[in-house]
Amino acid sequence: MAASEEQELSQTQTEKLLQFQDLTGLESMDQCRRTLEQHNWNIEAAVQDRLNEQEGVPSVFNPPSTRPLQGLLGWSYYLIMLPFRITYYTLLDIFRFALRFIRPDPRGRVTDPVGDVMSFIHTFEERYSRSHPVFYQGTYSQALNDAKRELRFLLVYLHGDDHQDTDEFCRNTLCAEEVVNFINARMLLWACSTNKPEGYRVSQALRENTYPFLAMIMLKDRKMTVVGRLEGVIQSEDLINQLTFIMDANQTYLMSERMEREERNQTQVLRQQQDEAYMASLRADQEKERKKREEQEQKMHEEEMARQNVLAEERRRRTLEVEKERKSECLPQEPALDDPDSVKIVFRLPNDSRVERRFLFTQSLTVIHDFLFSLKETPEKFQIVTNFPRRVLPCLPSGEHPNPPTLQEAGLSRTEVLFVQDLTDD
């Protein structure tokens, strides 16, 4: 039984040693042990005394004066026991590290952080009151991000379910009307029970010493920083005063962050406007270049079309000349003046010139057309019309006259005047 009690006492002292080392930042485990032994293992008194030493305040502990001989014996004992101390604490650390794998804390795995927060809010309202400050309904990380984005203070409340002062704080302080109005108007409030994985994870980060525990967090030097810690039971008026003091003391940092953010936003807006102006100018230049390119392409196309038209017109003109020459060469010889079957025809051309030629009554009207076609003065397309009665002579084959009639069949007399009508535009 005595061995079991001694082992339990040793484990408690080891836990206090580790906790004291975490809180004070001392690297020497022996110095931590001596400080705790001087304060009868009262960790709060030891931490406070250590903080007093760092701030230059006289220590509340005055070690008794020792005689030189006792000091020499103490150092000899310390040196003799040093290897055993090192071995003991090394094995103890290995044991505690292995114990975490053998029997891990179930709170170490966060699977539903939002569910943990909502469960705490529901339990809080059932146990205490629905009239409380507005609890942030999201994870701790989300609350930090919102407070950072909105440049607001974030008040974190870690709820210790089993602590003796928890119920009094929740009923008489946190649910007090003046506290509710103060917190709702000035800051965001995130809360969770440390019995829940999400609350336990946050408690590991904030390292609270006792409950009730409140931490004020804000954006400072571009990172979310704890600027105030309130631990232990506190009355509503004192809570408001201390929170106000913390906010007033850090308001300049928040204002500085707002000014820097506003400046960054203005710079970003200016840069965006410059980028938009540049893009608009670039698009305008591109549009001008596109129109210029299209105009050049259109001009080149028109020039090419004009060139093609000139070439086509030249080819057509040459083809027409060749055709006229061929028609001229194929014309039958003009009959003699005294030929009894001859017909004298005077042609009035569109340019008011006159052309005269003799044909035979037995020749087709096609011969008349070919003769006129071979003349340079005759248009490319034309028709031959009698004067009175006015009729168009069917000189070319058509559906009605596949074989054009002869001059005699067309009713021409020995002397005729025929008119040539230009059909080129038609």
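This text follows the structure it describes.
Quick notes on the rules
- Residues numbered from 1 in each chain as written.
- Predicted model: local features only at pLDDT ≥ 70, side-chain atom pairs only at ≥ 80, totals over all residues.
- Heavy atoms only, no water.
- Helix = DSSP H or I, 4+ residues; strand = E, 2+ residues; numbered from the N terminus.
- Buried < 20%, exposed > 50% of the residue type's maximum accessible area, 1.4 Å probe, protein only.
- Areas by Shrake-Rupley, 256 points an atom, 1.4 Å probe, with all protein chains shown as cover.
- Phe/Tyr/Trp six-rings, centres within 6.5 Å; stacked < 30°, edge-to-face > 60°.
- Lys NZ or Arg CZ within 6 Å of the ring centre and 35° of its normal.
- Pairing = 2+ DSSP bridges.
- Axes fitted to C-alpha atoms, helices over the stretch in contact; angles between N-to-C directions.
- Contact = heavy atoms within 4.5 Å.
- Core = buried A, V, L, I, M, F, W, Y, C linked by side-chain atoms within 4.5 Å.
- Parallel < 35°, antiparallel > 145°, perpendicular 65-115°, else oblique.
- Left-handed = near helix turned anticlockwise from the far one by under 90°.
- Nonpolar A, V, L, I, M, F, W, Y, C, P; charged D, E, K, R; others polar.
- Arc of directions from axis to C-beta.

Colleague: Got a minute to help me understand the overall build of the protein chain in this structure?
Modeller: Of the regular secondary structure elements, the protein chain holds 11 helices and eight strands. The buried share of the protein chain, reckoned over its 426 residues, is 34%. Of the accessible surface of the protein chain, which amounts to about 27,800 Å², a share of 51% is contributed by carbon and sulfur atoms.

Colleague: Would you explain the packing of aromatic side chains in this entry?
Modeller: What describes a pair of aromatic rings is the distance from one ring centre to the other and the angle between the planes of the rings. If you walk through the whole model with that rule in mind, you get 10 aromatic pairs. Geometrically, the ring pair formed by F347 and F371 is tilted, given 5.9 Å between the ring centres and 40° between the ring planes. With F347 in strand β5 (residues 342-348) and F371 in helix α11 (residues 365-374), this pair connects stretches of sequence that are 24 residues apart. We classify F347 as buried; its relative accessible area is 0%. Between K220 and the ring centre of Y253, over which it is positioned, the NZ or CZ distance is 4.2 Å. The ring of F373 has K324 lying over it, and the distance from NZ or CZ to the ring centre is 4.7 Å.

Colleague: In this structure, what is going on with the sheet that holds strand β1 (residues 153-159)? I would like to understand it.
Modeller: The pairing of strands in a sheet happens through backbone hydrogen bonds and is either parallel or antiparallel. Taken together, the four strands give an open sheet; going across it, the order is β2-β1-β3-β4, and neighbouring strands pair in mixed fashion. The open sheet has two free edges, formed respectively by β2 (187-193) and β4 (223-231), since each of these has just one partner strand. Shown here is a sheet whose adjacent strand axes are inclined to one another by a mean of 25°, direction ignored. Of the pairings in the sheet, the one linking β1 to β2 comprises seven bridges and is parallel in character. What sits directly across from L154, in β2, is L188. Together, β1 and β2 form the strand contacts of helix α8 (residues 177-186), whose direction differs from that of β2 by roughly 115°.

Colleague: Just checking my understanding: could you explain the environment of Q13 for this structure?
Modeller: Take Q13: it is sitting in helix α1 (residues 2-24). Considering only alpha carbons, one finds Q13 and I43, 30 residues apart in sequence, at a separation of 10.0 Å. Those residues in contact with Q13 that sit more than four places away from it in its chain are R33 and W41.

Colleague: Teacher, can you tell me more about the nonpolar core here?
Modeller: Across soluble globular proteins, you tend to see nonpolar side chains buried next to one another. Counting residues in each nonpolar core, the largest one holds 48 residues, and the members touching the most others are L154, V156, Y157, M187 and W190. Not counting chain neighbours up to four residues away, the residues in contact with M187 comprise R152, F153, L155, F182, M216, L243 and M247. If you look at the next biggest cluster of nonpolar residues, it comprises 25 residues, including V343, I345, F361 and A410.

Colleague: Explanation requested: the sheet that holds strand β7 (residues 382-386) in the structure shown.
Modeller: The mixed open sheet is built from four strands, whose spatial order is β6-β5-β8-β7. Edge positions in the open sheet fall to β6 (354-360) and β7, since each of these has one partner strand only. Ignoring which end each strand starts from, the neighbouring axes of this sheet average 30° apart. Sheet topology note: the β7/strand β8 (residues 415-422) ladder contains five bridges and is antiparallel. Each bridged residue has a counterpart across the sheet, and for Q383 the counterpart in β8 is Q421. Contacts from α11 reach β5, β6, β7 and β8, with the element oriented near 125° to β7.

Colleague: Would you take a moment to explain the packing of α8 against helix α10 (residues 236-330) for this structure?
Modeller: Each pair of packed helices can be summarised by the angle the axes make with each other and by the distance between the axes. At their nearest, the axes of α8 and α10 sit 9 Å apart, and the two run at 20° to each other. Regarding the angle of α8 to α10, the classification is roughly parallel. Crossing angle aside, the handedness with which α8 passes α10 is left-handed. For the pair α8 and α10, the contacting residues are E178, V179, F182 and R186 in the first and S236, L239, I240, L243, T244 and M247 in the second. When its residues are assigned to classes, the contact of α8 with α10 shows six nonpolar, two polar and two charged.

Colleague: Hey, could you run me through the environment of L206 in this one?
Modeller: One can find L206 in helix α9 (residues 197-206). For the pair L206 and L158, spaced 48 residues apart in the sequence, the C-alpha separation amounts to 9.6 Å.

Colleague: Help me understand helix α7 (residues 166-174), please; the structure alone is not making it clear to me.
Modeller: Residues of α7 that are buried include every one of T166, F169, C170, T173 and L174, and no others. On an axial view of α7, the arc spanned by its buried residues comes to 115°, and they lie on one face. The inward-facing, buried residues of α7 abut α5 (113-127), β1, α8, β3 (213-220) and α10.

Colleague: It is not clear to me how the pairing of β3 should be interpreted in this structure. Could you clarify?
Modeller: Every regular strand shows the same layout, with side chains that alternate between the two sheet faces. Counted residue by residue, β3 has eight buried out of eight residues, so it is predominantly covered. The alternating pattern of β3 places F213, A215, I217 and L219 on one face and L214, M216, M218 and K220 on the opposite face, and all of these are buried. Note: β3 against β4, eight bridges, orientation antiparallel. By the bridge assignment, A215 is partnered in β4 with R229. Connecting the antiparallel pair β3 and β4 is a turn made up of two residues, with D221 showing a positive phi of about 55°.

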